[in-house]
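Below are the chains, spelled out letter by letter.
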Amino acid sequence: GETLYTGNVIIPEKVTYNTKEYTVTTLGDDAFAGCKQLHSLSLPKNISSIGNGTFTQCYGLQVISVANENTKYGRCVPMPKLPTRKKYRQSGSTQ
């Protein structure tokens, strides 16, 4: 099944798979797409690539923090552009 991340997620600097250690450098295309309950994301110093659509439909995402030592993104990653809900007023309304 598909894993949907929620809450506050911390991406580790390294992961181990089949006893081999890998450095995490990339968030793949659509990595967090559809994670509507994801609130914050912390990226390690080694992240150097963020794929297309990584934050699509992450409506609850409020904070992306990046390790100060990250040479690609530094301390700031622009927040993804999310659709906004507009209020419309009927013609002649006093609202």
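What counts, and where the lines are drawn
Residues numbered from 1 in each chain as written. Predicted model: local features only at pLDDT ≥ 70, side-chain atom pairs only at ≥ 80, totals over all residues. Heavy atoms only, no water. Helix = DSSP H or I, 4+ residues; strand = E, 2+ residues; numbered from the N terminus. Buried < 20%, exposed > 50% of the residue type's maximum accessible area, 1.4 Å probe, protein only. Pairing = 2+ DSSP bridges. Axes fitted to C-alpha atoms, helices over the stretch in contact; angles between N-to-C directions.

Asks: How would you summarise unusual backbone geometry if you had to cite specific residues and measurements?
Replies: Even without being a glycine, Asp-30 presents a positive backbone phi close to 60°. Structurally, Asp-30 is set in the loop between strand E4 (26–27) and strand E5 (38–43). When its relative accessible area of 47% is taken as the criterion, Asp-30 is described as partly exposed. If you check the backbone angles, Gln-57 has positive phi at about 60° while not being a glycine. Along the chain, the position of Gln-57 falls in the loop between strand E6 (49–50) and strand E7 (63–66).

Asks: Provide a residue-level description of the sheet that holds strand E1 (residues 7–10), including the pertinent values.
Replies: Across the sheet, which stays open at both edges, the three strands sit in the order E1-E5-E7 with parallel pairing between neighbours. A single partner strand is all that each edge strand has here, and the edge strands are E1 and E7. On average, each strand axis in the sheet is inclined to that of its neighbour by 15°, with strand direction left out of account. In this sheet, E5 lies alongside E1 in parallel orientation, the contact comprising four bridges. By the bridge assignment, Ile-10 is partnered in E5 with Ser-42.

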